[in-house]
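Letter by letter, the chains look like this.
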Amino acid sequence: MIKRTKVASAINLAIVTSITAGVFVTSSAFAAEETAKVERIEVTGSRIQRQDMETASPVTVIDAAAIKAEGFTSVDQMLQVQTSMAGAAIGSTTNNGADGVAQVDLRGMGSQRTLVLLNGRRMVNSGSGADSSVDLNSIPVAMIARVEILKDGASAVYGSDAIAGVVNIITKKDFEGFQFDFNGSGTDKGDGQSGDVSALYGFNTDGGNYTFGAAYSDRRGVIQGDRSWTEPGASSFIPEGTLGGKVQDANGNWVPRSYGYDFTQDSYYQTPSERRSLFANMTQELGNDVVLTADAIYTNRRSNQQMAAQPADIMLNVCGAAGVPAGAPCVTLDSDMIAAGIKADEKGLVNYRRRTNDVGPRIYTQDTDTWRLSGGLAGTLDVHTGMNWDVTYTYGKNQAKTAVENSINASDMATSIYADPDAWFSGDPLTQQMINDISYTEDAKGGNEQQTLSAGLNGELFDLSAGAVGFAIGAEYRRESGFYTPDEVVIAGESTSAQQDPTDGNYNVISIFQEVSVPFTEKLTGEFALRLDDYSTFGKATTWKIGLTYAATDDLMLRTVAATGFRAPSVSELYGGNSGSYDYLDDPWGNAQDPQILVNRTSDPDLQPEESESYTAGLVYSPSYVDGMSVTLDYWRFKVDNAIARMDTQAGLDACYAGDATACETFNIGPNGNLDNLTNALTNVGTQDTSGIDFNLAYSFEGLGLDWKINNDTTYLVNFEQDGEDYTGTIDGNFGAYARVRNNFSISAGQDDWSVMYFNRYIGEMTDLAEGTDVDSILYHNISGTYHINDMTSVSLGVKNFTDEKPVTVSNGSDGGTVPEVYDTIGRTIYGGVTVKF
């Protein structure tokens, strides 16, 4: 007989509230309604099927009701408000460089170090091509039953990428009837509208269930310049153009540029996106204690971003200057230009810069398709021994077409300038012919593919005095491939954007894994996992995990986990084509005319895996004298060595300037500070070391004739160091936010057919990393309510950022003078929805 302590009940209540029969079940799932047989389920972080949800690992669960109540329309929105997140994961507020992708960044350790699962199985990486992370846009909110966030290392269970933890998205299944959901939102400024509609249909058969769904969502954009708190941009690239840093005034005189261009009038805070999804789940008994399960999903995403017109930076030959080949096209500097200080450099070149507003803003578009099909058979070897087996196959594929409208061909622009320099240097608008000559639409394509075949055996080995010893063993084969093909103009290096080569590659891995759960005593249980992965690229990796739970009293459980982990190099890291990046750097030789210096970024097929160690220790307390209350407190620490990273380019420049020949060679710096071939390669030089404390208080009670629920999550960041730099308590446009304190608090009250909820989110004060100044804390307030009109229909209404808090200013913010991935930049938002079920 299973003895359930107060604390065990608290854990199960916290995790199982949203679970209905049939999630990761053995063949007893449908028999459970007719027999007294206890259902066993698989929980995130372990492959051992068990009757209890108690494990040594800390897990946060967000169910569908909470997602709807807080008005989340995408998975990334829901995840990024969790206190366990940090950094600046890209998503709907990332206008520059995200290509419409949405990711998760657990502990701020990088999206590539958080494993995303769908129903306990890997999800294909997705985005623009050769991607290293899952695009959360490919998973519609309408299909989610709950999300489980495992907050310790789990490579010994799941393999690569689970360094910071695991996000396991569980889909709706075992559904019967029809359900329609209609949701919409918009800001009180009259923009940023979004809407989604979804339909769910399910029916039962003799020993089975089939659930089908469809969803459509449409999110509109918000322009940065439409918010009063946006700091105007001041780019040195202006529509009139500059020559050698000078611009012609109204009198035709060449004078220093005294103003900048405000690019915020063309850039988004919230990027537009359309998504269409189809999904299905099925479970069917086949007889002889065999169950067939399958799930399928297809998502099409059409998204776009917009930025100010392309800044073109053209180096022109100066007629008669030393170093200019005879007969080469050139421009003549007249006496007024020379008098103003415009002159050729040592190579005979002069710099012409222009914001190509006449062509139009850069419009980035993506059309991506993501498919995933997973099927499996599960059965029981012998109902008396409790031995269960399973075989699964999962196939995932992602294809993307991307484009950048109003791109500029730098070679064609140089030719146009040489043909008619007066027309360009005058600062007058370009003619339509000139626009046609220099502009084009940049087209690219890419994709990812994943195939996984696994087989396992789990059950009970034997009984000890304190209970049965559970186990799980298995093997897995996985193949990953990816490619990305830039536009031909970009490959040729003729675009105003940096040159980039194609990426194409694949690898495979064979894995063997095992787990054992041992009840040493009625109070002490040990969990042990071991995994061996053999990669076609770098070879073997072995990881382990040890967890202990100790029921100190009926009210108090202690838990701890120690584990090792790894992350295998991705396709793009191994086989990525050389690509250029314009980085903000200080040239110690003073040769560079612009703070953005071109750096050639290279990959390395000989990269080794990242290695990690993780440790968590905490308690679960459910006082017997307070019904409905539970408290969890966990200390955590993660260390990563051999992290795949690029060395600090600025440090390399400084070291080379100081006479370090090795630095000059490593970064490919030429004599006298020649930066024409400045290179930064990926290598295993990075490190991470982060630690902190998580606290949760959950309390459900009755009072004043109402049902109350209180929940408070706090994360205190003790330390975050990366590559020798301390980011603890700082914020930066490049790295995001690492606030020492993040806190989420909610309180809800309800009775019969209605409920209301108040939610607040606190981000503590930080230090501006670039300037060393203080950045104020911020507190967001959300209010929502739900009313069940009848058994068929319910409605919800809410307000996010009720007090319309303005984003905090960050000196080198990634957009609009702030960090949109961290702070709310669109302001007060009103949302509502209707659910009809019959």
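Residues numbered from 1 in each chain as written. Predicted model: local features only at pLDDT ≥ 70, side-chain atom pairs only at ≥ 80, totals over all residues. Heavy atoms only, no water.

Concerning empty space enclosed by the protein
Applying the stated criterion across every chain yields a total of ten cavities of 30 Å³ or more. In this model, the largest cavity occupies a volume close to 870 Å³. Taken together, 46 residues line the largest cavity, and the ones lying closest to its centre are Gln77, Val81, Ser92, Thr93 and Lys800. For the lining of the largest cavity, the secondary structure elements donating two or more residues are helix 3 (75-80), strand 7 (194-205), strand 8 (208-219), strand 14 (273-287), strand 36 (754-763), strand 39 (778-788) and strand 41 (829-837). Of the residues that constitute the lining of the largest cavity, the class distribution is 13 nonpolar, 22 polar and eleven charged. (1 Å grid on protein atoms, 1.4 Å probe; cavity = no way out; pocket = protein on both sides within 12 Å on 5 of 7 lines; lining within 4 Å. Points joined across faces, edges and corners; volume = space filled by probe spheres on them. Helix = DSSP H or I, 4+ residues; strand = E, 2+ residues; numbered from the N terminus. Nonpolar A, V, L, I, M, F, W, Y, C, P; charged D, E, K, R; others polar.)

Digging into the state of the cysteines
Enumeration according to the criterion identifies two disulfides in this entry. Put simply, Cys319 and Cys330 are joined by a disulfide, and their sulfur atoms are 2.0 Å apart. On the sign convention where negative is left-handed, the bridge of Cys319 and Cys330, at about 95° about the S-S bond, is right-handed. Residue Cys319 is found in the loop between strand 16 (311-317) and helix 5 (335-339), and its partner Cys330 is found in the loop between strand 16 and helix 5; the two are separated by eleven residues along the sequence. Here Cys656 engages in a disulfide with Cys664; their sulfurs sit 2.0 Å apart. Since a negative S-S torsion denotes a left-handed disulfide, the Cys656-Cys664 link at about 100° is right-handed. (Disulfide = S-S within 2.5 Å.)

With respect to the packing of aromatic side chains
One pass over the structure, following the stated rule, counts 21 aromatic pairs. Ring geometry for Tyr298 and Trp371: centres 5.8 Å apart, planes at 35°, overall tilted. Placement of Tyr298 in strand 15 (residues 290-307) and of Trp371 in strand 18 (residues 362-382) is noted, with a sequence separation of 73 residues between them. Centre to centre, the rings of Tyr727 and Tyr738 are 6.4 Å apart; their planes meet at 40°, and the pair counts as tilted. In this pair, Tyr727 sits in the loop between strand 32 (725-726) and strand 33 (730-732) while Tyr738 sits in the loop between strand 34 (736-737) and strand 35 (741-751), placing the two residues eleven residues apart along the sequence. With relative accessibility at 7%, the residue Tyr727 sits in the buried group. Of the aromatic side chains, those joined through ring pairs into one cluster are Phe178, Phe180, Tyr201, Phe203, Tyr210, Phe212 and Phe838. Over the ring of Phe513 we find Arg47; its NZ or CZ atom is 4.2 Å from the centre of that ring. In this arrangement the basic side chain of Lys800 is found over the ring face of Tyr831, its NZ or CZ atom lying 5.8 Å from the centre. (Phe/Tyr/Trp six-rings, centres within 6.5 Å; stacked < 30°, edge-to-face > 60°. Buried < 20%, exposed > 50% of the residue type's maximum accessible area, 1.4 Å probe, protein only. Lys NZ or Arg CZ within 6 Å of the ring centre and 35° of its normal.)

What to know about helix 6 (residues 410-419)
Note that an α-helix has 3.6 residues per turn; residues three or four places apart therefore point the same way. Looking at helix 6, one finds that the buried residues are Ala410, Met413, Ala414, Ser416, Ile417 and Tyr418. Buried residues along helix 6 sit in contact with strand 16, strand 17 (349-355), strand 19 (387-408), helix 7 (421-425) and helix 8 (432-438). One side-chain oxygen at the N-terminal end of helix 6 lies 3.0 Å from the backbone nitrogen of Ser411; it belongs to Asn409. (Contact = heavy atoms within 4.5 Å. Polar contact = N/O pair within 3.5 Å; in protein donor to acceptor, adjacent residues only side chain to side chain.)

Considerations on unusual backbone geometry
As a rule of thumb, non-glycine residues mostly have phi less than zero, and peptide bonds are mostly trans rather than cis. With a phi close to 55°, Asp99 is a non-glycine residue in the positive phi region. One can find Asp99 in the loop between helix 3 and strand 2 (114-118). Unlike most non-glycine residues, Asp723 shows phi in positive territory, near 50°. By the element assignment, Asp723 lies in the loop between strand 31 (706-722) and strand 32. Residue classification places Asp723 among the partly exposed residues on the basis of a relative accessible area of 39%.

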